[in-house]
Amino acid sequence: TNNSITGDLNFSSARLSFFNHFPALTLTLYDFSLKGAAPFKEDTLISANEVALGINLSSVFSNAIHIDEIYLTKGNIHVLIDTAGHPNYNVYQSSPPSTQSQPDSGSASLKIERIQLEHCNIIYDDQSLPMFIQAKEVNYLGKGDLSKAQFDLYSKIRIGSFDLSYDNTQYILSKQLNGELITKINTNSLDFIFEKNDLKINELPVRLNGAFGFLKNGYKMDFRLSSMESALHAIFGALPPEYAKWAAHMNISGTADVNATLIGQYIAESNTMPDLTFNMKVRN
């Protein structure tokens, strides 16, 4: 593995078992750590008590082992991007074409169809935007054929505490987040279509649809958020803390429909920003 990545991978011991994630046969690596890519070679990208690789049983007796599941237990994921846009997660390096016609009897291949995170913490620190996201006590289950260029990712997520700040302004602080999502992913164009995103921020149910794509010098966005017939106090409870301090000392009743969109391109060097619209209908 270390021959295929630029980061440094280590673990203390390994165990092959049916019992860790029954009925899957898994190779579990204990005290796992993976360093990031330049310019963050000294920083840890992923660490975990356990990382388990699910093995396709039909491939056990073939020339190549197929790994189709990944489990991360009590882990920390720390994604870093510098001001020039260089990320620490570009650790994979493709090998040169092999001149051998015979398959390597000791080879293994990744065809991931299931990703599961249990009791993990995630930090996303992008200094090029600048944006900072921190999620604590993350439990996530994602299913889909990630080996394809285009695939649907079906996800369930539960986050105990979610923070988001942009340009040193806190927009989300210590919110619980639960959701079921269907995301269409095109790995060739790096486009994401959010077909179904049913989320709950604290007590506020939210539906998010739209698309997100990477440009050479920025991002293209089309986010459409709605929350219908929601309790008014739940809406104020989901506001950024800077705008909701006064609401903590009030009794708020009534219902509301909320619609918001964020559509356009974000290109920092030309100061191009997407358009933001927001409207709310309040009753009683």
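Residues numbered from 1 in each chain as written. Predicted model: local features only at pLDDT ≥ 70, side-chain atom pairs only at ≥ 80, totals over all residues. Heavy atoms only, no water.

Engineer: An account of the overall build of the protein chain is needed here, citing residue identities and associated values.
Structural biologist: The number of helices and strands found in the protein chain is two helices and 14 strands. Projecting the C-alpha coordinates of the protein chain onto the three principal axes gives extents of approximately 70 × 45 × 35 Å. Looking at the protein chain as a whole, 37% of its 284 residues are labelled buried. Excluding contacts between residues fewer than 6 apart, the proportion of contacts in the protein chain whose partners are at least 24 apart in sequence is 51%. Carbon together with sulfur atoms contributes 54% to the accessible area of the protein chain, which is approximately 17100 Å² in total. Separation between the mean location of the 22 positive side-chain charges and that of the 29 negative ones in the protein chain comes to 6 Å. (Helix = DSSP H or I, 4+ residues; strand = E, 2+ residues; numbered from the N terminus. Buried < 20%, exposed > 50% of the residue type's maximum accessible area, 1.4 Å probe, protein only. Contact = heavy atoms within 4.5 Å. Areas by Shrake-Rupley, 256 points an atom, 1.4 Å probe, with all protein chains shown as cover. Lys, Arg positive; Asp, Glu negative; His and termini not counted. Charge placed at Lys NZ, Arg CZ, Asp CG, Glu CD.)

Engineer: Could you give an account of the pattern of salt bridges, naming the residues involved and the relevant values?
Structural biologist: The final tally for this structure, using the stated rule, is seven salt bridges. In this structure, Lys-184 engages Asp-152 in a salt bridge whose closest nitrogen and oxygen atoms are separated by 3.2 Å. Taken together, the residues span a long stretch of sequence, with Lys-184 in strand E9 (residues 169-186) and Asp-152 in strand E8 (residues 150-166) at a distance of 32 residues. Classification of Lys-184 by relative accessible area gives partly exposed; the value is 29%. We note a salt bridge from Asp-257 to Arg-283, for which the minimum N-O separation is 3.4 Å. Separated by 26 residues along the polypeptide, Asp-257 in strand E13 (residues 255-266) and Arg-283 in strand E14 (residues 275-283) bring together distant segments of the chain. We classify Asp-257 as buried; its relative accessible area is 12%. (Salt bridge = Lys/Arg side-chain N within 4 Å of Asp/Glu carboxyl O.)

Engineer: Report on unusual backbone geometry, specifying residues and quantitative values.
Structural biologist: For the bond from Ala-38 to Pro-39, the omega torsion is 5°, close enough to zero to count as cis. Looking at the secondary structure, you find Pro-39 in the loop between strand E3 (24-35) and strand E4 (44-55). Of note, the bond from Leu-129 into Pro-130 is cis; its omega dihedral lies within 30 degrees of zero at -5°. Its place among the elements puts Pro-130 in the loop between strand E6 (107-126) and strand E7 (131-143). At Lys-74, a residue that is not glycine, the phi angle is positive and equals roughly 50°. The backbone phi angle of His-119 is positive, close to 55°, even though this residue is not glycine. Inspection of the secondary structure assignment puts His-119 in strand E6. What makes His-119 partly exposed here is its relative accessible area of 40%.

Engineer: Explain the environment of Ile-235 to me, and be specific about the residues and the numbers.
Structural biologist: Checked against the element boundaries, Ile-235 lands in helix H1 (residues 232-237). Take Ile-235: its relative accessible area is 9%, and that puts it in the buried class. Put simply, Ile-235 and Asp-257 are 22 residues apart on the chain and 9.6 Å apart in space, counted from C-alpha to C-alpha. In this view, Ile-235 contacts Leu-204, Ser-230, Ala-256, Val-258 and Met-280; residues no more than four positions away in its chain are not counted.

Engineer: Help me get a handle on the nonpolar core, residues and values and all.
Structural biologist: As a rule of thumb, soluble globular proteins bury nonpolar side chains together. Core analysis: the largest hydrophobic core is formed by 41 residues, its most contacted members being Leu-34, Leu-72 and Phe-162. Ranked by residues supplied to this core, first place goes to E8 with five residues. Setting aside anything within four residues of it in sequence, one finds Phe-162 in contact with Ile-133, Gln-134, Ala-135, Ile-172, Leu-173, Ser-174, Lys-175 and Leu-177. Core analysis: the second largest hydrophobic core is formed by six residues, Leu-129, Phe-194, Phe-212 and Tyr-219 among them. (Core = buried A, V, L, I, M, F, W, Y, C linked by side-chain atoms within 4.5 Å.)

Engineer: Which residues make up the pairing of E13, and what are the values?
Structural biologist: As judged from the eleven bridges shared by strand E12 (residues 218-231) and E13, these two strands associate in the antiparallel manner. Bridging from a neighbouring strand, Ser-227 pairs with Val-258 of E13. In the sheet, E13 pairs with E14 via nine bridges, with the strands oriented antiparallel. Bridge pairing links Asp-257 to Lys-281 in E14. (Pairing = 2+ DSSP bridges.)

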